[in-house]
Amino acid sequence: MPRAAASRSSCPARPGVGKSTIVRRVLDADQQVRFSISHDRAPRAGETNRVDYFFVERARASARMIEKGAFLEYAVYQNHFCGTSRAAVDEPTEKGFDP
């Protein structure tokens, strides 16, 4: 059963430092925590759209989603767009889970 009040947490860090490992351990340890899928660059081998990330083209993201205020945070890193949409965080929060 979800907790009465949900909180939001993030795991920001540079690429390749082990964010995914930390997130997996937190998800395994606490069934109330939900993973919010970020928007990111083109998929790498073995990555699946809507599972690992929402893969979006930079032009599409900036033209539509950023202008509409759809992101809590976003950046362009090494000429690739990445960000976390409000919907990816709001949906589990509204259900009482911690994204």
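Since the structure is predicted, the reported quantities are computational estimates derived from the model, not experimental observations.

Draft legend 1. Molecular detail of the overall build of the chain. Along the backbone of the chain there are three helices and four strands. The secondary structure elements of the chain, listed N-terminal to C-terminal, are α-β-β-α-β-β-α. Across the 99 residues that make up the chain, the buried fraction comes to 23%. For the chain, long-range pairs separated by at least 24 residues make up 44% of all intrachain contacts whose partners lie at least 6 apart in sequence.

Draft legend 2. Representation of the pairing of strand β4 (residues 80-85) in the model. Pairing between strand β3 (residues 71-77) and β4: six bridges, direction antiparallel. Opposite Tyr 74, over in β4, you have Gly 83 as the bridge partner. Linking β3 to β4, which pair antiparallel, is a turn of two residues; within it Gln 78 sits at a positive phi near 50°.

Draft legend 3. Quick look at the confidence of the model for the chain. Averaged over every residue, the pLDDT of the chain is 78; the share at 70 or more is 86%. When pLDDT is averaged over each element of the chain, helix α1 (residues 19-29) comes out on top at 87 and strand β1 (residues 39-40) at the bottom at 70.

Draft legend 4. Here's a closer look at the side chain of Ser 85. Position of Ser 85 among the secondary structure elements: in strand β4. Assessed through its relative accessible area of 6%, Ser 85 is described here as buried. A polar contact of 3.1 Å, which involves the side chain of Ser 85, links it to the backbone nitrogen of Ala 88. If sequence neighbours within four positions are ignored, Ser 85 has contacts with His 39, Ala 70, Phe 71 and Leu 72.

Draft legend 5. Fine view of the packing of aromatic side chains. Taken as a whole and assessed by the stated rule, the structure comprises one aromatic pair. Positioned above the aromatic ring of Phe 97, the side-chain terminus of Arg 34 is 3.7 Å from the ring centre.

Draft legend 6. Region of interest: the pattern of salt bridges. Scanning all chains against the criterion turns up one salt bridge. Between Glu 91 and Lys 95 there is a salt bridge, with its nearest N and O atoms 3.6 Å apart.

Draft legend 7. Structural detail: the layout of surface pockets. In this model, the largest pocket occupies a volume close to 1,500 Å³. What lines the largest pocket is a set of 44 residues, and nearest its centre among them are Cys 11, Lys 19, Phe 35, Ser 38 and Tyr 53. Elements supplying a minimum of two residues to the lining of the largest pocket: α1, β1, β3 and β4. In terms of residue count, the dominant contributor to the lining of the largest pocket is α1 (seven residues). Of the residues belonging to the lining of the largest pocket, the class tally is 19 nonpolar, 13 polar and 12 charged.

Conventions used here
- Residues numbered from 1 in each chain as written.
- Predicted model: local features only at pLDDT ≥ 70, side-chain atom pairs only at ≥ 80, totals over all residues.
- Heavy atoms only, no water.
- Helix = DSSP H or I, 4+ residues; strand = E, 2+ residues; numbered from the N terminus.
- Buried < 20%, exposed > 50% of the residue type's maximum accessible area, 1.4 Å probe, protein only.
- Contact = heavy atoms within 4.5 Å.
- Pairing = 2+ DSSP bridges.
- pLDDT = per-residue confidence, 0-100.
- Polar contact = N/O pair within 3.5 Å; in protein donor to acceptor, adjacent residues only side chain to side chain.
- Phe/Tyr/Trp six-rings, centres within 6.5 Å; stacked < 30°, edge-to-face > 60°.
- Lys NZ or Arg CZ within 6 Å of the ring centre and 35° of its normal.
- Salt bridge = Lys/Arg side-chain N within 4 Å of Asp/Glu carboxyl O.
- 1 Å grid on protein atoms, 1.4 Å probe; cavity = no way out; pocket = protein on both sides within 12 Å on 5 of 7 lines; lining within 4 Å.
- Points joined across faces, edges and corners; volume = space filled by probe spheres on them.
- Nonpolar A, V, L, I, M, F, W, Y, C, P; charged D, E, K, R; others polar.

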